[in-house]
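Below are the chains, spelled out letter by letter.
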Amino acid sequence: MSKKLIQDFYKSDALINSEIMDQYLHPEVLLDWNSSTGFKQLNREQLLSLTTEMSKAYVRSKARISHIVKEGNLVSVRYTHCIKTIENPREEMVLAHFMVIWEIKDDKLYRGFQISQLP
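Residues numbered from 1 in each chain as written. Predicted model: local features only at pLDDT ≥ 70, side-chain atom pairs only at ≥ 80, totals over all residues. Heavy atoms only, no water.

(A) Layout of the layout of surface pockets. The volume enclosed by the largest pocket comes to roughly 420 Å³. Along the walls of the largest pocket sit 26 residues, with Trp33, Leu50, Met54, Phe98 and Gln114 positioned nearest its centre. Elements supplying a minimum of two residues to the lining of the largest pocket: α1 (2-11), β1 (25-35), α3 (44-57), β4 (74-85), β5 (93-105) and β6 (108-117). (1 Å grid on protein atoms, 1.4 Å probe; cavity = no way out; pocket = protein on both sides within 12 Å on 5 of 7 lines; lining within 4 Å. Points joined across faces, edges and corners; volume = space filled by probe spheres on them. Helix = DSSP H or I, 4+ residues; strand = E, 2+ residues; numbered from the N terminus.)

As structure tokens, this is what we get:
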């Protein structure tokens, strides 16, 4: 169930649609994110806000999953996030590469530990 939840999450438009994102997030979700620009910790409201901001710039978002591993209520996923911009909707571009471990609680994304790198 946990692995399917993660697969469904990344196959959906949740990364650019806050209504879809909202359906997957636990009320107490936290994401620890180590990115090229430093460390961020995002709560539910901040994740939904980030999704809303992304929807203003991107018309399409696709997570190309290369690895997914489940152990208990933890699911690790490695993926490349590809996008199409409003300015150039015909060209798909790589936004970044990600590795994330999600803890699932009550069939929702509860605690995430993510690392990203620009292409």
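(B) Local environment of the packing of aromatic side chains. All chains considered together, the criterion is met by 5 aromatic pairs. Residues Tyr10 and Tyr79 carry aromatic rings whose centres are separated by 4.6 Å and whose planes lie at 40° to one another, so their mutual orientation is tilted. Here the residue Tyr10 occupies a position in helix α1, and Tyr79 occupies one in strand β4, the gap between them amounting to 69 residues. The pair Tyr10 / Tyr79 is uniform in exposure class, with both members buried. An angle of 10° between the planes, with centres 4.9 Å apart, marks the rings of Tyr79 and Phe98 as stacked. Of the two residues, Tyr79 sits in strand β4 while Phe98 sits in strand β5, which places them 19 residues apart along the sequence. (Phe/Tyr/Trp six-rings, centres within 6.5 Å; stacked < 30°, edge-to-face > 60°. Buried < 20%, exposed > 50% of the residue type's maximum accessible area, 1.4 Å probe, protein only.)

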